[in-house]
Amino acid sequence: MPVASSLFTAQVAAAIKNLDRRRKFWIVILTAIFLLAVAGFIWQANVASLIELPANGGELKEGVIGPPRFVNPLLAVSNSDRDLTALIYSGLLRSDETGSLRPDLAERYVVSADGKEYRFFLKPNLVWHDGKAVIADDVLFTIESAKNPSLKSPRRAAWEGVEVTKINDQEIRFTLKQPYALFLENATLGILPAHLWRNLTAENFPFSNFNLEAVGTGPYQIKNIGRDRNNLPLIYNLVAFKNFALSEVKLKRLTINFYPNEDELWTAYQKGSIDSLSAVSPARVKETTNDDSILVATPLARIFAVFFNQNRSKIFAQTEVREALNDLIDRATIIKQVLNGYGRPTNGPLPPRTGKNLAVARTPALTAAAEAEAAAKLERAGWKKNPDTNLWEQKTKTETKTLAFTLSTSDLPELKVAAEILKNTWERFGAAVEVKIFEAGALNQNVIRPREYEALLFGEVVSRPADLYSFWHSSQRLDPGLNVALYTNAKVDKLLEKEDYVAAAEEIIAETPAIFLYSPDFLYLLPKTVNGVVFNLINTPADRFLNINHWFIKTEKIWPIFR
C-alpha cells in the first residue's frame, strides 16, 4: 500500500508539472476556494456550538438627586443614603428580585419550634472591604447599636424586644418575646464592621467619616469619592468587591453621580454624562427615552391615600361622609394627570400585586350616578345642601355642621397636583376644602407625628412581605406608630396579630377609614447594553440593586464544556 501511494503521488506531481501555466493557475485557484469553503464550514460549525455568557467588565454611570449623608444601614434616610447602603453593605439575609429571602452573610439559619429563637451561622472566610474578617461580634454590635435609643435609628422599632447573643465567632442567636413570622425580613439589615465603629458613642455616630467613607461587605466597595468645595459628595466611584458573599460581580465599575435637583439630573442625562437614572418623573418619561435606552416600570409597594383624623374633624366620624367622599373619586384621572399613567388604582391598604381583588377601584370614573349615590348617602344621614353657599350642612338642635375640612400633604409636585384634583372634585360636589402644603420634614415633625391634621394625603410603604400591623393596628395610633387614620377595630387587631392581612384589608375597606387612591410605578431608565436586570417587587428605589451582582454589559463566547 505505501508503494502504491507513493507511485500515485509521483504520477500526480508529474502530471501537474507537465501542465501549462494557465491550467496550473486555475488548479491553484480551485484548491484555494475548496480550502476556504472547508475552513468556513469548520468556522460556522464552531460558532454554532459556542454559547454566549456574561463576562467581567463594563461600567454604568448613574444619576441620583441629592447627595448622601448617612451611607449607614442604621441611619440611612434619603434615597441617596439607601442606594449606596444597598450597594456597599450586606445583611445576614438578602431579598432577591422575587421578594424571597436567601442567605447572604449567613450560610444557614435555624428557627426553634416555638418560633421565638433564630440561630444564624456565618459563612466561612467572610471579609470586609478593608480585608478584616467578618465575625459574630459585628452582628452583635450592629443590632445592639440599632436598639440603642440614643442613636435614634429608623431601624430601632424592628429590633425592640429582641435579645441578641453571640454563641461563638461564627454563630449568633436572636431571641424574641413572641413569635413573629416576618422577623426574617429584619435579618436583611446591613451589618457594620465593629472594628471601625465600636469606639464611637451613639452621640458621635452621626459625625463619623465612615458615614460617607463606608466599609461593608456588599457587592461594591468605594474606590474614591469626588467632592465639591464644601466637601459634599458629588460622585462615588465604586468597584466590584471580589469577595462578595453571593457571587462574582460582573459589572466591574459603577459610578453614582449626585445632582441638586431634577432639572440638572435630566440635563446630565441628555448630555450623556450619565447612562441611567431612577426617580424618573412620569411627566418627563416621554422626552427622555430613546432608541438606546429602556424604561423599566414596576409596581412600588406603596399606597397613597387620604387618611381621615376623626379626632380632629367630627364630620369624619360619620360613615356616610367618608363613603360619599370616596364615591366621588376618579382614580383613572388622578393616575393620568399625576403619574402620566404610570400607576395602578387601589381601594385598599394592600399594594395591587398582593391580595385578591383588593386593587380594583370602586368608581373608575366620576359619573352623574356616582354623584347621585354620594348625595343620597349624605341625605340619609340628615345632610342637606345650602342653596346660598352650595355647601352640604347637617343641622341639629345645638349646632350646624358644614362639610368643610383641611387636606394636608407634602410639597412633592405629584402630591400637590393630586391634592388640587381632590379639592376641585369635592368642591364641585358641595364641600369646602382647604389644601395645606408642607415641606416633607415639617409635615412629618409638625403635622403627622402630633396628628395635627383633619385629612392627610400621604403615602405608605407596605414592607415586603406585606405587613399592615404598623399602619392599622390600634396600638399604633400614636407616634411613633404609623396608624395615621387613628383606626380602631378589635376584629382587625386580631386578624393583624394572626397575620391574616387579606381578611384585615377587607374589613378596613368595608369601614372606609381612608380613601385609597393609587399605587405608583417605580420608573428606571437604563441603557440597552445592561443585561440581567430583573425587577418584580420594589419596596423602595434602592431595591433596584437587589440583583445587581447578576447585571452585566460584557459577554464572551465559550465552548459548552467550559461553562
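Let me sum up the structure you'll find in this document. (Residues numbered from 1 in each chain as written. Predicted model: local features only at pLDDT ≥ 70, side-chain atom pairs only at ≥ 80, totals over all residues. Heavy atoms only, no water.)

1. Some thoughts on the overall build of the protein chain
Thinking step 1. If you tally the helices and strands in the protein chain, you get 17 helices and 23 strands.
Thinking step 2. Summarising the internal contacts of the protein chain: among those between residues at least 6 apart in sequence, 68% fall at separations of at least 24.
Thinking step 3. In the structure as shown, the protein chain presents an accessible area of about 27500 Å², 54% of it carried by carbon and sulfur atoms. (Helix = DSSP H or I, 4+ residues; strand = E, 2+ residues; numbered from the N terminus. Contact = heavy atoms within 4.5 Å. Areas by Shrake-Rupley, 256 points an atom, 1.4 Å probe, with all protein chains shown as cover.)

2. Quick word on the layout of surface pockets
Thinking step 1. For the second largest pocket, the calculated volume is near 270 Å³.
Thinking step 2. Every residue lining the second largest pocket is counted, 15 residues in all, and those nearest its centre are Arg 69, Pro 206, Ser 208, Asn 211 and Leu 212.
Thinking step 3. Of the residues contributing to the lining of the second largest pocket, the split by class is eight nonpolar, four polar and three charged. (1 Å grid on protein atoms, 1.4 Å probe; cavity = no way out; pocket = protein on both sides within 12 Å on 5 of 7 lines; lining within 4 Å. Points joined across faces, edges and corners; volume = space filled by probe spheres on them. Nonpolar A, V, L, I, M, F, W, Y, C, P; charged D, E, K, R; others polar.)

3. A word on the environment of Leu 182
Thinking step 1. Here Leu 182 is to be found in the loop between β8 (171-175) and α6 (183-186).
Thinking step 2. As for Leu 182 and Asp 467, which are separated by 285 residues in sequence, their C-alpha atoms are 8.2 Å apart.

4. Structural notes on the nonpolar core
Thinking step 1. Counting 67 residues, the largest nonpolar core has Phe 120, Phe 174, Tyr 220, Leu 238, Ile 256 and Trp 551 as its most contacted members.
Thinking step 2. At five residues, helix α4 (residues 136-147) tops the list of elements feeding residues into this core.
Thinking step 3. For Phe 174, the contacting residues outside a window of four places in its chain are Leu 92, Lys 116, Glu 117, Tyr 118, Phe 120, Val 139, Ile 143, Trp 159, Val 162, Glu 163, Val 164 and Phe 183.
Thinking step 4. Counting 37 residues, the second-largest nonpolar core is a separate cluster that includes Leu 339, Ala 375, Phe 405 and Tyr 518. (Core = buried A, V, L, I, M, F, W, Y, C linked by side-chain atoms within 4.5 Å. Buried < 20%, exposed > 50% of the residue type's maximum accessible area, 1.4 Å probe, protein only.)

5. A short note on the sheet that holds β8
Thinking step 1. Pairing is antiparallel in the open sheet, where four strands are placed in the order β5-β6-β8-β7. Of all the strands in the sheet, just β5 (106-111) and β7 (163-168) have a single pairing partner and so form its edges. The mean inter-strand angle of the sheet, taken between neighbouring strand axes irrespective of direction, is 20 degrees.
Thinking step 2. When strand β6 (residues 117-122) meets β8, the two strands line up antiparallel, connected through five bridges. Residue pairing in the sheet places Tyr 118 in a bridge with Phe 174 of β8.
Thinking step 3. Along the sheet, α4 contacts β6, β7 and β8; its crossing angle with β7, the most-contacted strand, is approximately 170 degrees. (Pairing = 2+ DSSP bridges. Axes fitted to C-alpha atoms, helices over the stretch in contact; angles between N-to-C directions.)

6. A few points about the pairing of strand β14 (residues 302-308)
Thinking step 1. Summarising burial for β14: six of the seven residues are buried, a large majority.
Thinking step 2. Relative to strand β21 (residues 455-461), β14 runs antiparallel, the two being bridged by seven bridges. Note on β21: the bridge partner recorded for Phe 304 is Gly 459.
Thinking step 3. Of the strand pairs in this sheet, β14 and strand β22 (residues 514-527) are connected by four bridges, and their pairing is antiparallel. Considered in β22, the bridge of Phe 304 is made with Tyr 518.

7. What to know about the sheet that holds strand β16 (residues 383-385)
Thinking step 1. With antiparallel pairing, three strands are arranged side by side in an open sheet as β16-β17-β18. The two strands at the open ends of the sheet, each matched to only one other strand, are β16 and β18 (400-402). Going from strand to strand, the sheet's axes swing by 35 degrees on average, the running direction of each strand aside.
Thinking step 2. In the sheet, strand β17 (residues 392-395) pairs with β18 via three bridges, with the strands oriented antiparallel. Among the inter-strand pairings, Lys 395 is bridged to a residue of β18, identified as Thr 400.

8. Considerations on the packing of aromatic side chains
Thinking step 1. Scanning the model with the defined rule gives 23 aromatic pairs in all.
Thinking step 2. Both rings, one in Trp 159 and one in Phe 174, keep their centres 5.4 Å apart while their planes meet at 50 degrees; by these two values the pair is tilted. Here the residue Trp 159 occupies a position in helix α5 (residues 156-159), and Phe 174 occupies one in strand β8, the gap between them amounting to 15 residues. Taken individually, Trp 159 and Phe 174 each receive the classification buried, so the pair is uniform in this respect.
Thinking step 3. Taking 6.1 Å as the distance between ring centres and 55 degrees as the angle between the ring planes, the aromatic pair formed by Trp 197 and Phe 210 counts as tilted. (Phe/Tyr/Trp six-rings, centres within 6.5 Å; stacked < 30°, edge-to-face > 60°.)

9. Focus on the side chain of Asn 483
Thinking step 1. The topology assignment puts Asn 483 in the loop between α15 (469-472) and α16 (490-497).
Thinking step 2. The contacts of Asn 483, once residues within four sequence positions are left out, are Arg 451, Ser 470, Phe 471, Trp 472, His 473, Ser 474, Gln 476 and Arg 477.

10. With respect to the side chain of Arg 331
Thinking step 1. Along the chain, the position of Arg 331 falls in helix α11 (residues 331-339).
Thinking step 2. We note that Arg 331 is buried and unpaired, the nearest opposite charge coming from Asp 327 at a distance of 7.6 Å.
Thinking step 3. Reaching out from Arg 331, the side chain makes a polar contact with the backbone oxygen of Thr 346 at a distance of 3.2 Å. (Lys, Arg positive; Asp, Glu negative; His and termini not counted. Salt bridge = Lys/Arg side-chain N within 4 Å of Asp/Glu carboxyl O. Polar contact = N/O pair within 3.5 Å; in protein donor to acceptor, adjacent residues only side chain to side chain.)

11. Quick look at unusual backbone geometry
Thinking step 1. Of note in this structure, Asn 125 is not a glycine but carries a positive phi near 65 degrees.
Thinking step 2. The residue Asn 125 is located in the loop between β6 and α4 in this model.
Thinking step 3. You can call Asn 125 exposed: its relative accessible area is 75%.
Thinking step 4. With phi around 50 degrees, Leu 486 is a residue other than glycine that occupies positive phi space.
Thinking step 5. Tracing the chain through its elements places Leu 486 in the loop between α15 and α16.

12. A look at the pairing of β6
Thinking step 1. Across five bridges, the pairing between β5 and β6 is antiparallel. Paired with Tyr 109 across the two strands is Phe 120, which belongs to β6.
Thinking step 2. Connecting β5 to the antiparallel partner β6 that follows it, the hairpin turn spans five residues, and Gly 115 within it adopts a positive phi of roughly 70 degrees.

13. Overview of helix α17 (residues 501-511)
Thinking step 1. Those residues of α17 that sit buried are Tyr 501, Ala 504, Ala 505, Ile 508 and Ile 509. Angular distribution of buried residues about the axis of α17 spans 140 degrees; they occupy a single face of the element.
Thinking step 2. Against the buried residues of α17 lie α15, α16 and β22.
Thinking step 3. Phi for Thr 512, located one or two positions after α17, is positive at around 50 degrees. (Arc of directions from axis to C-beta.)

14. Side note on a nonpolar patch on the surface
Thinking step 1. A cluster of nonpolar side chains, namely Phe 25, Trp 26, Ile 29, Leu 30 and Ile 33, defines an oily patch on the protein surface of about 520 Å² accessible area.
Thinking step 2. Position of Trp 26 relative to the elements: it lies in helix α2 (residues 21-49).
Thinking step 3. Look at Trp 26 and you get partly exposed, because its relative accessible area is 46%. (Patch = residues over 30% accessible without salt bridge, like charges linked within 9 Å, V, L, I, M, F, W, Y side chains within 5 Å.)

Limitation: the analysis is restricted to geometry and does not speak to function.
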